[in-house]
Amino acid sequence: MGEHSLSSEPKLALVVSNSAKAQAGADTLRNSHNWVSPEEADILVVLGGDGFLLHVLHEMLDRDWLKPCYGLNLGTVGFLMNHPHGQQQIAKRVAEAHPVPVSPLRMDAVDRSGKEFSYYAINEVSMLRETRQTAKLEVRINGRVRMDELAGDGILVATPVGSTAYNLSANGPILPLGSRMMALTPISPFRPRRWKGAILPESAEVEFRIREPEKRPVAAVADQKEVREVQSVRIRAATEKELTILFDPGYTLEERIFAEQFQV
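If you're wondering where the values come from, they're calculated on a predicted model, not measured in any experiment.

## Considering the sheet that holds strand 16 (residues 243–247)
Taken together, the five strands give an open sheet; going across it, the order is 1-2-3-16-4, and neighbouring strands pair in mixed fashion. Looking at the sheet topology across the chains shown, the edges are occupied by strand 1 (12–16) and strand 4 (98–102). Across this sheet, the average inter-strand angle for adjacent strands is 30°, counted without regard to direction. As paired strands, strand 3 (residues 69–73) and strand 16 are joined by two bridges and run parallel to one another. Note on strand 16: the bridge partner recorded for tyrosine 70 is leucine 246. Of the strands in this sheet, strand 1, strand 2 (43–48), strand 3 and strand 16 touch helix 2 (residues 50–63), which is tilted by about 145° from strand 2.

## Description of unusual backbone geometry
Following arginine 191, the chain continues to proline 192 via a peptide bond in cis, the omega torsion being -15°. Residue asparagine 142 is not a glycine yet carries a positive backbone phi of 50°. By the secondary structure assignment, asparagine 142 is in the loop between strand 8 (135–141) and strand 9 (144–158). Judged by relative accessible area, which is 54%, asparagine 142 ranks as exposed. Even without being glycine, serine 188 reaches a positive phi, approximately 45°. For serine 188, the position within the fold is in strand 10 (residues 181–191).

## Focus: helix 1 (residues 20–30)
Here helix 1 has its buried residues at Ala22, Ala26 and Leu29. Seen from one end, helix 1 has its buried residues packed into an arc of 60°, which puts them on one side. Facing away from the buried side of helix 1 by more than 90 degrees, the exposed set consists of Ala20, Lys21 and Thr28. On its buried face, helix 1 sits against strand 1, strand 2, strand 3 and helix 3 (90–96).

## Some remarks on the side chain of threonine 164
Note on placement: threonine 164 falls in the loop between strand 9 and helix 4 (166–169). On the accessibility criterion, threonine 164 (16% relative accessible area) is buried. Ignoring any residue separated from it by four or fewer positions in sequence, one finds threonine 164 in contact with Phe79, Ile174, Ile257 and Glu260.

## Description of the pattern of salt bridges
With the rule as written, the count across this model stands at 21 salt bridges. Put simply, aspartate 108 and arginine 106 hold a salt bridge, and the shortest N to O gap is 3.0 Å. Between arginine 112 and glutamate 229 there is a salt bridge whose closest N-O contact spans 3.1 Å. Here glutamate 229 lies in the loop between strand 14 (225–227) and strand 15 (230–237) and arginine 112 lies in the loop between strand 5 (105–111) and strand 6 (116–121), a separation of 117 residues in the sequence. For glutamate 229, a relative accessible area of 33% gives the class partly exposed. Overlapping salt bridges bring together Glu205, Glu207, Arg209 and Arg234 as one network.

## Observations concerning the UniProt feature "active site" (unreviewed entry) in the protein chain
Here the UniProt-annotated "active site" (unreviewed entry) positions come out as Asp50. Tracing the chain through its elements places aspartate 50 in helix 2. The class for aspartate 50 is buried, based on a relative accessible area of 14%.

## A word on the side chain of asparagine 123
On the secondary structure map, asparagine 123 appears in the loop between strand 6 and strand 7 (124–129). Asparagine 123 gets classed as buried once you look at its relative accessible area, which sits at 13%. Sequence-distant contacts of asparagine 123, that is, excluding residues within four places in its chain, are made with Leu54, Val157, Ala158, Thr159, Val161, Gly162, Ala165 and Asp223.

## Quick notes on the pairing of strand 1
Burial analysis of strand 1 places five of its five residues in the buried class, the great majority of the element. Because side chains alternate across strand 1, one face comprises the buried residues Leu12, Leu14 and Val16, and the other comprises Ala13 and Val15, equally buried. Sheet analysis places strand 1 next to strand 2, joined by five bridges and oriented parallel. If you follow alanine 13 over to strand 2, its bridge partner there is leucine 44. In terms of handedness, the path from strand 1 via helix 1 over to strand 2 forms a crossover that is left-handed.

## A few points about helix 2
Helix length check: helix 2, at 14 residues, gives a terminal C-alpha distance of 20 Å against a target of 20 Å (1.5 Å per residue), a fit within 8%. By the burial criterion, the buried members of helix 2 are Asp50, Phe52, Leu53, Leu54, Val56, Leu57, His58, Met60 and Leu61. On its buried face, helix 2 sits against strand 1, strand 2, strand 3, strand 6 and strand 16. Aspartate 64, located one to two residues past helix 2, shows a positive phi value of around 50°.

Rules of the game
- Residues numbered from 1 in each chain as written.
- Predicted model: local features only at pLDDT ≥ 70, side-chain atom pairs only at ≥ 80, totals over all residues.
- Heavy atoms only, no water.
- Pairing = 2+ DSSP bridges.
- Helix = DSSP H or I, 4+ residues; strand = E, 2+ residues; numbered from the N terminus.
- Axes fitted to C-alpha atoms, helices over the stretch in contact; angles between N-to-C directions.
- Contact = heavy atoms within 4.5 Å.
- Buried < 20%, exposed > 50% of the residue type's maximum accessible area, 1.4 Å probe, protein only.
- Arc of directions from axis to C-beta.
- Salt bridge = Lys/Arg side-chain N within 4 Å of Asp/Glu carboxyl O.
- UniProt positions renumbered as here; feature names shortened; annotations may be inferred.
- Right-handed = clockwise from strand over helix to strand, strands pointing away.
- Expected span 1.5 Å × (residues − 1).

This is how it looks when you write it as structure tokens:
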């Protein structure tokens, strides 16, 4: 949690999505606490859905301005959010919340012209074919070639937080929070068809090199930020940019990840 203890009356800022539902929910909250500006705050209370919370987290990463976030779900999925209808005052809920550390991924991509791009991903970095042509990629881990050629729609690297998002839809593993692991998951693999991916330690550096990039163009996507026609991409966990998300007791993300594994 850094220098600020949750028990020492932290200063709270209210950050609200533009959606009508979030704006309406904010009306009742605005008068229930003495809010400060985000710049003055120790903790941000974020009203909206998962997408808006991820947007706020990305803005903090871009500004190198990292503060704990407590989300209240006034969106749709709300996997990263807390239930909005708690009986306690917001300050008490935040004070009793459990911090969950989240290390984003850093993607360093080079496109076919040699231009370099660096973006952060909280959920996943995906390599996706741009045309009807199958993507062909070489996979390296810590500088060593582990797969000469993966052919398919692409591949992704997911964080534990992102393991229940696109990664799960691609039949990747759910990673418990705090596992300090990353999921390496192929997307509709054609060859090797039976390869299901791998679980890597957070310390691993993953590199993809595109085979036949002119004939088989591939885009690299870090959450929502896309680089088209890449020739190589490096991915590592940016532990120096660790984020903190706060969860109500008994409603932690870890509990939800456990529950997700028993969905049928």
